[in-house]
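Summary of the model geometry
Single-letter residue listing:
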Amino acid sequence: MRVLVTGAAGFIGSHTVLELLNAGYDVICIDNFSNSIADEKGEAVSLTRVSQLTGKQIPFKKCDVCDEKELEEIFKTEKIDAVIHFAALKAVGESVQLPLAYYRNNIVASLNLIAMCKKYEVRNFIFSSSATVYGTPEKLPIDESCRVGVGITNPYGQTKYMMEQILRDVGAAPGENWNMILLRYFNPVGAHPSGRIGEDPKGVPNNLMPYVSQVAIGKLPVLTIYGDQWETKDGTGVRDFIHVVDLAKGHVKALERMDKKGSIGTEVFNLGTGTGYSVKEMVTAMEKASGRTIPSKVGPPRVGDIASVYCDPSLALEKLEWKAELGLEEMCRDLWKWQIDNPNGFLAA
Ligand code: WQD
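Structure report, in brief. Just so it is clear, the model here is predicted, and its values are computed rather than measured.

1. Points about the overall build of the protein
Looking only at helices and strands, one finds eleven helices and 14 strands in the protein. With respect to the three principal axes, the spread of C-alpha positions in the protein is 55 × 45 × 40 Å. Each of the 349 residues in the protein was classed as buried or not, and the buried ones make up 54%. Across the protein, the fraction of contacts at a sequence separation of at least 24, relative to all contacts at a separation of at least 6, is 79%. Here the protein displays about 14900 Å² of accessible surface, and carbon together with sulfur accounts for 51% of that area.

What follows is the structure, encoded as structure tokens:
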């Protein structure tokens with residue numbers, strides 16, 4: 001199977017490309033560099049490193065999924081058996097400021113892509129969704145039968161929820177024979193243990209762990225903990241943090257399910273560990289991994305935040321034969337190695 005990977009140069013995309021290659025899949029990678037770095041030759045720095053790590057060539061083309069002409073060129077010239085669609089804008093706070101950019105990049109682009117798949121008879125489609133679609137969780141742990149679309153507090157989450165509905169309808173159209181798998185990520189953290197690829201947020205990180213890591217190394221002075229009066233074990237927010245390598249392997253398992261089962265229709269899976277850790281627990285774990293003190297102060301709760309989010313990952317174990325294997329120690333160990341080895345991320349030192 002040859003897999004078109006969109007957003008391949010990004011954090012989860014690059015880690016997934018590595019695992020796809022290790023599992024023996026061929027890939028064709030595209031990215032528009034809106035949230036990743038190109039070198040002077042126009043190659044994706046993260047994918048050049050994946051190529052070094054795997055010893056395999058990685059066909060890459062700069063392409064904006066929003067641009068139908070550019071996208072069709074890829075489908076016309078490349079053999080494609082399946083698509084893994086990562087390309088999207090994903091900053092919750094930014095989506096509140098720039099809703100149109102988010103609807104264009106996350107909805108229009110995805111519609112272009114699925115229409116191109118239909119036109120070129122590509123029937124295997126894996127979609128990068130998010131736990132955000134659960135909005136205010138109906139219950140904890142969250143399983144795939146839980147209500148979605150209620151209490152989503154930002155355009156980013158809405159785009160993921162809407163795309164899930166659109167893909168379900170496309171997948172259900174009679175006589176189309178689609179295989180679609182929607183993967184709902186919880187909180188991806190960490191980096192490849194080699195320290196060669198990792199999360200490289202532009203500017204000040206929105207998410208907890210890249211921020212904590214930059215405080216640990218001294219790039220940022222102090223962590224602000226968004227509220228310590230939540231109804232949780234220690235008053236700080238609880239999330240289902242999952243190692244990005246485990247998350248990447250979940251995509252390989254999804255592809256293998258399509259490969260093995262042939263026609264599966266549309267399926268949805270949580271990709272999380274099933275364990276919730278609090279902000280304070282993550283800070284302590286990172287202090288242990290880095291040997292550094294991480295100064296923090298308590299600030300007001302962030303608009304849109306909720307107390308606890310963590311999943312029941314048993315359906316992915318049953319159907320994908322996948323479960324997260326890396327724990328908190330590995331998440332922090334690998335994040336710290338990435339941070340230390342790459343103080344400027346993918347930018348040249
Ligand atoms: C985690 C916890 C914060 C930063 C978001 C998206 C989700 C997914 C992952 C894309 C919360 C607290 C954070 C900080 C803090 N992204 N925090 N200080 O909000 O759970 O999920 O990212 O798919 O869709 O919604 O992740 O890392 O921003 O926050 O105290 O500087 O850390 O309050 O409890 P979140 P996060």
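2. Re the pattern of salt bridges
Summed over the entire model, instances satisfying the criterion amount to 19 salt bridges. Here Lys90 ties to Glu199 by a salt bridge, and the two come within 3.7 Å at their closest N and O atoms. Of the two residues, Lys90 sits in the loop between β4 (82-85) and α4 (92-97) while Glu199 sits in the loop between β7 (187-189) and α7 (208-217), which places them 109 residues apart along the sequence. With a relative accessible area of 41%, Lys90 lands in the partly exposed category. Salt bridges here are not isolated pairs; linked through shared partners, they connect Lys118, Glu121, Arg123 and Glu176.

3. With respect to the sheet that holds strand β9 (residues 238-239)
Ordered by their spatial adjacency, three strands build an open sheet running β12-β9-β14, and the pairing between neighbours is mixed. Looking at strand neighbours, the two that pair on one side only are β12 (277-278) and β14 (308-309), the edges of this open sheet.

4. Here we look at the state of the cysteines
Defined simply, a disulfide is a covalent bond joining two cysteines at their sulfur atoms. Tallying each qualifying case throughout the model produces zero disulfides. Cys311 supplies the cysteine sulfur nearest to Cys146, a cysteine that is in no disulfide, at a spacing of 10 Å. Relative accessible area serves as the criterion here: at 5%, Cys146 is assigned to the buried category. Cys332 carries a free sulfur, and the closest cysteine sulfur to it, the one in Cys311, is 18 Å from it. Given the relative accessible area of 1%, Cys332 is considered buried.

5. Things to note about the packing of aromatic side chains
In the structure shown here, the tally under the stated rule is four aromatic pairs. Ring centres of Phe75 and Tyr120 lie 5.8 Å apart, and the angle between their planes is 40 degrees; on these two criteria the pair is classed as tilted. Here Phe75 is found in helix α3 (residues 68-77), whereas its partner Tyr120 is found in the loop between α5 (99-119) and β5 (124-130), with 45 residues between them in sequence. Taking 6.4 Å as the distance between ring centres and 35 degrees as the angle between the ring planes, the aromatic pair formed by Tyr134 and Phe186 counts as tilted. Residue Tyr134 is found in the loop between β5 and α6 (155-172), and its partner Phe186 is found in the loop between β6 (179-185) and β7; the two are separated by 52 residues along the sequence. The same class applies to Tyr134 as to Phe186, namely buried. Sitting over the face of the ring of Trp178, Arg123 holds its NZ or CZ atom 4.5 Å from the ring centroid.

6. Thoughts on unusual backbone geometry
At the junction of Leu140 and Pro141, the peptide bond is cis and its omega measures out at -5 degrees in the coordinates. On the secondary structure map, Pro141 appears in the loop between β5 and α6. One non-glycine residue, Phe33, lies in the positive phi region at around 60 degrees. Of note, Phe33 is situated in the loop between β2 (26-31) and α2 (45-54). By relative accessible area, which is 13% here, Phe33 ends up buried.

7. A look at the pairing of β4
In β4, alternate side chains face the same way, and those of Ala82 and Ile84 on one face and Val83 and His85 on the other are all buried. Here four bridges tie strand β1 (residues 2-6) to β4, and the two strands are oriented parallel to one another. The residue bridging Thr6 from the neighbouring strand is His85, located in β4. Of the strand pairs in this sheet, β4 and β5 are connected by four bridges, and their pairing is parallel. From the neighbouring strand, Val83 faces β5, where its bridge partner is Phe125.

8. Regarding α2
For the α-helix, the turn length of 3.6 residues means that residues three or four positions removed from each other point alike. For α2, a buried count of seven out of ten residues is recorded, marking the element as mostly surrounded by other parts of the structure. Taken residue by residue, α2 has Val45, Ser46, Leu47, Arg49, Val50, Ser51 and Thr54 as its buried positions. If you follow the buried residues of α2, they end up packed against α1 (11-22), β2, β3 (60-62) and α11 (328-341). Backbone geometry just after α2 places Gly55 at a positive phi near 70 degrees.

About the cut-offs
- Residues numbered from 1 in each chain as written.
- Predicted model: local features only at pLDDT ≥ 70, side-chain atom pairs only at ≥ 80, totals over all residues.
- Heavy atoms only, no water.
- Helix = DSSP H or I, 4+ residues; strand = E, 2+ residues; numbered from the N terminus.
- Buried < 20%, exposed > 50% of the residue type's maximum accessible area, 1.4 Å probe, protein only.
- Contact = heavy atoms within 4.5 Å.
- Areas by Shrake-Rupley, 256 points an atom, 1.4 Å probe, with all protein chains shown as cover.
- Salt bridge = Lys/Arg side-chain N within 4 Å of Asp/Glu carboxyl O.
- Pairing = 2+ DSSP bridges.
- Disulfide = S-S within 2.5 Å.
- Phe/Tyr/Trp six-rings, centres within 6.5 Å; stacked < 30°, edge-to-face > 60°.
- Lys NZ or Arg CZ within 6 Å of the ring centre and 35° of its normal.

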